[in-house]
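Spelled out, the chains give:
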Amino acid sequence: MALSPSQRRYLRSLAHDLHPVILLGNKGATDAVLKELDLALTHHELVKVKLSGGDKDERQAQIDFLADGTRSENVQEIGHVVVLFRRNEDEPKLALPR
């Protein structure tokens, strides 16, 4: 599901006050982290993830792994923090603008 610019802007405004739910450690993005992120996205729909250290390419690889593994959309990334969104088809919690 591709997000429109207005939907991204709306989700960024909602994510501003969120605290990171998933914190990546030295091992980075692993399968265990992927399972936890999947559960968090199912429950919250909009999740902030704090990435582990490393250069920009390493962080981008972590973001791609997490987004692809959970079938979520990258809403925003600033420094070591990324915001991911995935619609809960059974019980949507966030009403997106058109």
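All values reported here derive from a predicted model rather than from experimental measurement. (Residues numbered from 1 in each chain as written. Predicted model: local features only at pLDDT ≥ 70, side-chain atom pairs only at ≥ 80, totals over all residues. Heavy atoms only, no water.)

### Observations regarding the environment of aspartate 68
As for its placement among the helices and strands, aspartate 68 is situated in helix H3 (residues 56-70). For aspartate 68, a relative accessible area of 62% corresponds to the exposed category. Taking the C-alpha atoms as reference, aspartate 68 lies 19 Å from isoleucine 78; in sequence the two are 10 residues apart. (Helix = DSSP H or I, 4+ residues; strand = E, 2+ residues; numbered from the N terminus. Buried < 20%, exposed > 50% of the residue type's maximum accessible area, 1.4 Å probe, protein only.)

### Concerning the sheet that holds strand S4 (residues 81-85)
Taken in spatial order, the 4 strands make up an open sheet running S1-S2-S4-S3, and their pairing is mixed. Each edge of the open sheet is held by one strand with a lone partner, namely strand S1 (22-23) and strand S3 (73-78). Across 2 bridges, S1 lies against strand S2 (residues 46-50) in parallel orientation. Bridge pairing links leucine 23 to lysine 50 in S2. (Pairing = 2+ DSSP bridges.)

### Comments concerning the pairing of S4
The element S4 is largely enclosed, with a buried count of 4 among its 5 residues. Bridge analysis of S2 against S4 gives 5 bridges, and the strand direction is antiparallel. By the bridge assignment, leucine 46 is partnered in S4 with phenylalanine 85. Bridge count for S3 against S4 is 5 bridges, and the pairing is antiparallel. Across the sheet, asparagine 74 pairs through a bridge with leucine 84, a residue of S4. In sequence, S3 turns back onto S4 through a hairpin of 2 residues, with glycine 79 there showing a positive phi of about 60°.

### Observations concerning the packing of helix H2 (residues 31-44) against H3
Two elements in contact, H2 and H3, have axes whose closest approach is 10 Å; the angle formed by their N-to-C orientations is 55°. Between H2 and H3, the interaxial angle falls into the category oblique. When you trace H2 past H3, the crossing you get is right-handed. Contacts from Asp31, Val33, Leu34, Leu37, Asp38 and Leu41 of H2 reach H3 at Phe65, Leu66, Gly69 and Thr70. In terms of residue class, the contact of H2 with H3 is built from 6 nonpolar, 2 polar and 2 charged. (Axes fitted to C-alpha atoms, helices over the stretch in contact; angles between N-to-C directions. Parallel < 35°, antiparallel > 145°, perpendicular 65-115°, else oblique. Left-handed = near helix turned anticlockwise from the far one by under 90°. Contact = heavy atoms within 4.5 Å. Nonpolar A, V, L, I, M, F, W, Y, C, P; charged D, E, K, R; others polar.)

### As for the side chain of threonine 70
Mapping threonine 70 onto the fold places it in helix H3. Residue classification places threonine 70 among the buried positions, given a relative accessible area of 0%. Among the polar contacts made by the side chain of threonine 70, one reaches the main-chain carbonyl oxygen of leucine 66 at a distance of 2.7 Å. Those residues in contact with threonine 70 that sit more than four places away from it in its chain are Leu34, Leu37, Asp38, Leu41 and Arg86. (Polar contact = N/O pair within 3.5 Å; in protein donor to acceptor, adjacent residues only side chain to side chain.)

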